[in-house]
Amino acid sequence: AQSVSQHNHHVILSEAASLELGCNYSYGGTVNLFWYVQYPGQHLQLLLKYFSGDPLVKGIKGFEAEFIKSKFSFNLRKPSVQWSDTAEYFCAVGGYQKVTFGTGTKLQVIP
Amino acid sequence: EPEVTQTPSHQVTQMGQEVILRCVPISNHLYFYWYRQILGQKVEFLVSFYNNEISEKSEIFDDQFSVERPDGSNFTLKIRSTKLEDSAMYFCVCGGQGTDTQYFGPGTRLTVL
């Protein structure tokens, strides 16, 4: 069975601070990993994804994530956050049949 | 950029009533899904649909739920007799052949009174 754990439920940062959101997963097959973002009042959007190849994945809006197979982790990072990054971030694992989401991390960026 | 659309954006219904949530997926996409998100909780998989049949469903997707693609374009989720705990945001999702990226629609907020 596949599962995802996001340990940070609510993160508050000042603008220009660096961000790292943790994500750990368990999955029985070839792993596909995703980060989705949900801005206030908007629908889920894909931020980045990992299928294979380079474990350091770059996404939109300056976000990146690193797949570390030995740690079953796929942490999301951004060197310098902006107020507009305030949103909820979901890590997810799976493939075309089913995607399992983590519980989400609410990020609040203070100007 | 093509988008998934869903109607209505908000549906209010009485407990025990039937509701149908509608979705127009991205054309030429072949994999269809419904997910839901109860307020304050995580996004949950309900069902996947491929080649005009259900390919996987979760334990949430009981006999009260059904899906169909009646005309080759729309993809619907029917809840036969709604319960209070069905109140959630329902997301229609689609995916193309050869890709594992899933595209989310904007969601329908279902409120059961």
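This text follows the structure it describes.
Here's a quick rundown of the structure.

What counts, and at which threshold
Throughout, residues of each chain are indexed from 1 in the direction in which the sequence is written. All chains are assigned letters beginning at A, and all ligands numbers beginning at 1, according to the order in which they are written. Totals for whole chains, interfaces and linings use every residue, but because this is a predicted model, local features are given only for residues with pLDDT of at least 70 and side-chain atom pairs only at 80 or more, for both listing and counting. Neither water nor hydrogens contribute to the side-chain values; these are computed over all heavy atoms in the structure. Only Phe, Tyr and Trp rings take part, Trp by its six-membered ring, and two of them pair if their centres are within 6.5 Å. Stacked means planes under 30 degrees apart, edge-to-face means over 60, and tilted covers everything else. Only strands that DSSP links by at least two bridges are regarded as paired with each other. The helix and strand labels rest on DSSP assignments: H or I over at least four residues marks a helix, E over at least two residues marks a strand, and numbering proceeds from the N terminus. Think of each axis as a best-fit line through the C-alpha atoms, taken over the contacting stretch in the case of a helix, with angles from 0 to 180 degrees between the N-to-C directions. When checking whether two residues touch, look at their non-hydrogen atoms; a contact exists if any pair is within 4.5 Å. Accessible area, probed at 1.4 Å, shrinks when two parts are joined; the buried area is that loss added up over both. What qualifies as a polar contact is a pair of N or O atoms within 3.5 Å, subject to a donor-acceptor requirement within protein and to the restriction that residues adjacent in sequence count only when both atoms come from side chains. Classes in brief: Ala, Val, Leu, Ile, Met, Phe, Trp, Tyr, Cys and Pro nonpolar; Asp, Glu, Lys and Arg charged; the others, Gly included, polar. The working definition used for a salt bridge is a side-chain nitrogen of Lys or Arg within 4 Å of a carboxyl oxygen of Asp or Glu. Residue exposure (1.4 Å probe, protein chains only): buried if accessible area is under 20% of the type maximum, exposed if over 50%, otherwise partly exposed. Residues grouped as a nonpolar core are buried Ala, Val, Leu, Ile, Met, Phe, Trp, Tyr and Cys residues, joined through side-chain atoms within 4.5 Å.

Below, the discussion takes up the packing of aromatic side chains. Across all of its chains, the model carries 21 aromatic pairs over all chains by this definition. By way of ring pairs, the aromatic residues Phe34, Tyr36, Phe51, Phe90 and Phe101 of chain A together with Tyr33, Tyr35, Phe45, Phe91 and Phe104 of chain B are connected into one cluster.

What follows covers the sheet that holds strand β3 (residues 19-24) of chain B. Residues and elements named next belong to chain B. Strand order in the open sheet made by the four strands is β1-β3-β8-β7, with antiparallel pairing throughout. Edge positions in the sheet fall to β1 (5-7) and β7 (65-68), since each has one partner strand and no second. Shown here is a sheet whose adjacent strand axes are inclined to one another by a mean of 20°, direction ignored. Taken together, the five bridges between β3 and strand β8 (residues 75-79) define a ladder with antiparallel strand orientation. Paired with Arg22 across the strands is Thr76, a residue of β8.

Further remarks concern the interface of chain B and chain A. By a widespread convention, an interface's size corresponds to the accessible area lost as its parts come together. Taken together, the 18 residues of chain B in the interface contact 18 residues of chain A. Both faces considered, chain B and chain A share a buried interface measuring about 1700 Å² in area, 56% of it formed by carbon and sulfur atoms. Scanning the region where chain B abuts chain A turns up one residue pair in polar contact (both at pLDDT 80 or more). The element best represented in the side of chain B that touches chain A is strand β4 (residues 31-37) of chain B, accounting for four residues. Taken together, the residues of the side of chain B that touches chain A sort by class into eight nonpolar, seven polar and three charged.

On to the pattern of salt bridges. All names here are of chain A. By the definition in use, this model includes seven salt bridges over all chains. Here Arg77 makes a salt bridge to Glu64, at a shortest N to O gap of 3.4 Å. Here the residue Arg77 occupies a position in strand β9 (residues 73-78), and Glu64 occupies one in strand β8 (residues 64-68), the gap between them amounting to 13 residues. A residue is classified by how much of its surface remains accessible, and Glu64, at 18% relative accessible area, is buried. Beyond isolated ion pairs, a larger network of salt bridges with shared partners links Lys58, Glu64, Glu66 and Arg77.

Let us look at the nonpolar core. With 28 residues, the main nonpolar core has Leu33, Trp35, Leu47, Leu48, Phe74, Leu76 and Tyr89 of chain A as its most contacted residues. Considering each element in turn, this core owes the most residues, four residues, to strand β10 (residues 87-94) of chain A. One finds Leu46, Phe49, Ile60 and Ala88 of chain B within the second-largest nonpolar core, a separate group that totals 24 residues.

What follows deals with the environment of Leu19 of chain A. All names here are of chain A. In this structure, Leu19 sits in strand β3 (residues 19-21). Residue classification places Leu19 among the buried positions, given a relative accessible area of 4%. Taking the C-alpha atoms as reference, Leu19 lies 13 Å from Glu88; in sequence the two are 69 residues apart. Filtering out sequence-adjacent residues up to four positions away, Leu19 remains in contact with Leu13, Phe63, Leu76, Arg77, Lys78, Val81 and Leu107.

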